[in-house]
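# Remarks on the overall topology
This is what each chain is made of:
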Amino acid sequence: MEDLNNALATDLDRAFGSVVDEMGPRLFWGLRRMCGDHQEAEDLTQETFIRAYRALDGYEPKRIRELKLQPWIWTIAMNLGRNHVRDRARRPTAVEMFETGTEDPEPIDDAAWDRRLAILSSHQRDAVVLRHVVGLGIAEIADAVGRPEGTVKADIHRGLSRLRTTIEEES
Amino acid sequence: MTVESQLESLIGSLPGGVSEGVALGTGLAEGYDFYPSALGQVVVTFNPNGVSSLDTVDLFEDRWAARIGKPLIRAEAPQAWASHIPEAIERGTPGKLPVDLSSVTDFQRSVLAKTATIPRGEVRPYGWVAKEVERPKAVRAVGSAVARNPIPLIIPCHRVVRTDGHIGNYSLGGPHNKHELLEYEGADPDQLEMLAAQNIRLNGNTTTGIYCHPTCRHVRRSRESNLVAFSSTEQAAEEGFRACKDCRPGPKT
């Protein structure tokens, strides 16, 4: 990651594609697990990277070198996601009559995991996904979601045990 | 298998299209699409700020590489203004379409902005543009600014002609295309060349006492028997005519 920071600080335009390549899959699938909607996750991923680029464009090289990219990107994404949900709540949403298939290969047990994660509260779901799907540390999650570390730990703990119970009940 | 390790495996690859969307949204790449025009199919490029260039299919790739050089992605123009593109091409003016002229200098931008005000079916000399942008002596600089117009057709540089009245050169495929466009817009390029050969630069209307560029709508609306020809603004002024306030052929006051 440090090489990437250096590259960004030296030549943002040239290096930014590598940020998308390197962080894109994790960002997209993390968001995809949180919101349960492929298209919305694509939009959020795209918008997050665009905002990240604009922010980096205004930063001094020193600040870019010191940036912890992964948690920083996730702070942008979580802020966007919150607004997205709020915006969506204010307008009517169309009912999907047909499954809109995507050409992208999806990982194992997709529908099953969507269902299981949907049972969690949104705080639990975000915390569990950021911790165990994306792989962020507790402090990084606390920053990204804007909640205290203790609360984040509790969310993860409760979320995981609820997932275990759900899986047990399935079999 | 623990819940934690199952969660770790829930990551796949980045869906196709996202990287391209990011490149387009940041302006690191520009989008392009094809549109019909009076000169056949043309390529239009765009970014979030507006349309950035237009070229013929043949010339596009080489000229893009030389001028801008950014990566290109086949895309649909932003929904907010995509529908204005065909109209802007057909009418020969940006209208509501945002244009991105960040690839040219401030002077070139002011020349192109002035060029965009020339009405369809009319032409103006390079010297007129120079005068209108408050740089009356910079006729040659105006000529090269117009020649480097990145968005021809939409910014109608084909309506700027040589100061001696000949229709002059055209960067979008040569003078025959300029001829064809002017004809298409009803400006009668053959007659323009004929007037030039006779040293006629201006027309006066004996009823109103006003002189205009020969393609000004006020001339085209006049009865031919009321029209007189002048070779210069000085001659028109000497004979007691004043300059039209719409096509502004006279010296800057």
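These numbers come from a predicted model, not from an experiment. (Residues numbered from 1 in each chain as written. Chains lettered and ligands numbered in written order. Predicted model: local features only at pLDDT ≥ 70, side-chain atom pairs only at ≥ 80, totals over all residues. Heavy atoms only, no water.)

What follows covers helix α2 (residues 12–35) of chain A. Note on helix geometry: an α-helix contains 3.6 residues per turn, so any two residues three or four positions apart are oriented the same way. Residue and element names in this part refer to chain A. The terminal C-alpha atoms of α2, which comprises 24 residues, lie only 30 Å apart, well short of the 34 Å expected from a rise of 1.5 Å per residue. Along α2, the sharpest change in direction is near 50° and occurs at Met23; proline Pro25 comes one to four residues later. Downstream of α2 by a residue or two, Gly36 has a phi angle that is positive, lying close to 70°. (Helix = DSSP H or I, 4+ residues; strand = E, 2+ residues; numbered from the N terminus. Expected span 1.5 Å × (residues − 1). Bend = angle between axes of the 7 residues up to and from the residue.)

Residue-level contacts link 21 residues of chain B with 30 residues of chain A. For the pair chain B and chain A, the summed buried surface comes to about 2,300 Å²; carbon and sulfur atoms form 73% of the total. At the junction of chain B with chain A, the criterion picks out one salt bridge. For Glu4 of chain B, the salt bridge goes to Arg164 of chain A, with nearest N and O atoms at 3.2 Å. Those elements that place two or more of their residues in the side of chain B that touches chain A are α1 (3–8) and α2 (18–26) of chain B. Grouping the constituent residues of the side of chain B that touches chain A by class yields nine nonpolar, ten polar and two charged. (Contact = heavy atoms within 4.5 Å. Buried area = accessible area lost by both parts, 1.4 Å probe. Salt bridge = Lys/Arg side-chain N within 4 Å of Asp/Glu carboxyl O. Nonpolar A, V, L, I, M, F, W, Y, C, P; charged D, E, K, R; others polar.)

Phe16 and Trp74 of chain A are the most contacted members of the largest nonpolar core, which has 56 residues in total. Tallying contributions element by element places α2 of chain A first for this core, with eleven residues. Beyond its immediate chain neighbours, meaning those up to four positions away, Phe16 of chain A contacts Leu8, Phe49, Ala52, Tyr53 and Leu56 of chain A together with Val22, Thr26 and Leu28 of chain B. Counting 38 residues, the second largest nonpolar core, distinct from the first, contains Leu54, Leu97, Leu101 and Tyr126 of chain B. (Core = buried A, V, L, I, M, F, W, Y, C linked by side-chain atoms within 4.5 Å. Buried < 20%, exposed > 50% of the residue type's maximum accessible area, 1.4 Å probe, protein only.)

Interaxial distance between α2 of chain A and α2 of chain B falls to 10 Å at its minimum, and their mutual angle equals 145°. In this structure, the crossing between α2 of chain A and α2 of chain B has a hand that is right-handed. Listed contacts from α2 of chain B to Phe16, Val20 and Asp21 of chain A of α2 of chain A are Ser19, Val22 and Thr26 of chain B. Split by residue class, the contact of α2 of chain A with α2 of chain B holds three nonpolar, two polar and one charged. (Axes fitted to C-alpha atoms, helices over the stretch in contact; angles between N-to-C directions. Left-handed = near helix turned anticlockwise from the far one by under 90°.)

Our focus in this paragraph is the domain arrangement of chain B. Residues and elements named next belong to chain B. Taken domain by domain, chain B comprises domain 1 (25–198) and domain 2 (200–243). Just the C-alpha atoms count here: the centres of domain 1 and domain 2 sit 29 Å apart. On the side of domain 2, eight residues touch domain 1, which itself brings 15 residues to the contact. Surface buried jointly by domain 1 and domain 2 totals about 870 Å² across both partners, of which 51% is contributed by carbon and sulfur atoms. Our count for the domain 1 to domain 2 interface comes out at one salt bridge. (Domains from an automatic or database assignment.)

Residues and elements named next belong to chain B. Taken in spatial order, the four strands make up an open sheet running β3-β2-β1-β4, and their pairing is mixed. The open sheet has two edge strands, β3 (50–56) and β4 (72–74), and neither has a second partner. Going from strand to strand, the sheet's axes swing by 35° on average, the running direction of each strand aside. Relative to strand β2 (residues 42–47), strand β1 (residues 30–35) runs antiparallel, the two sharing five bridges. Considered in β2, the bridge of Tyr35 is made with Val42. The strands touched by helix α3 (residues 57–67) within the sheet are β1, β2, β3 and β4, with β3 carrying the most contacts at an inclination of about 120°. (Pairing = 2+ DSSP bridges.)

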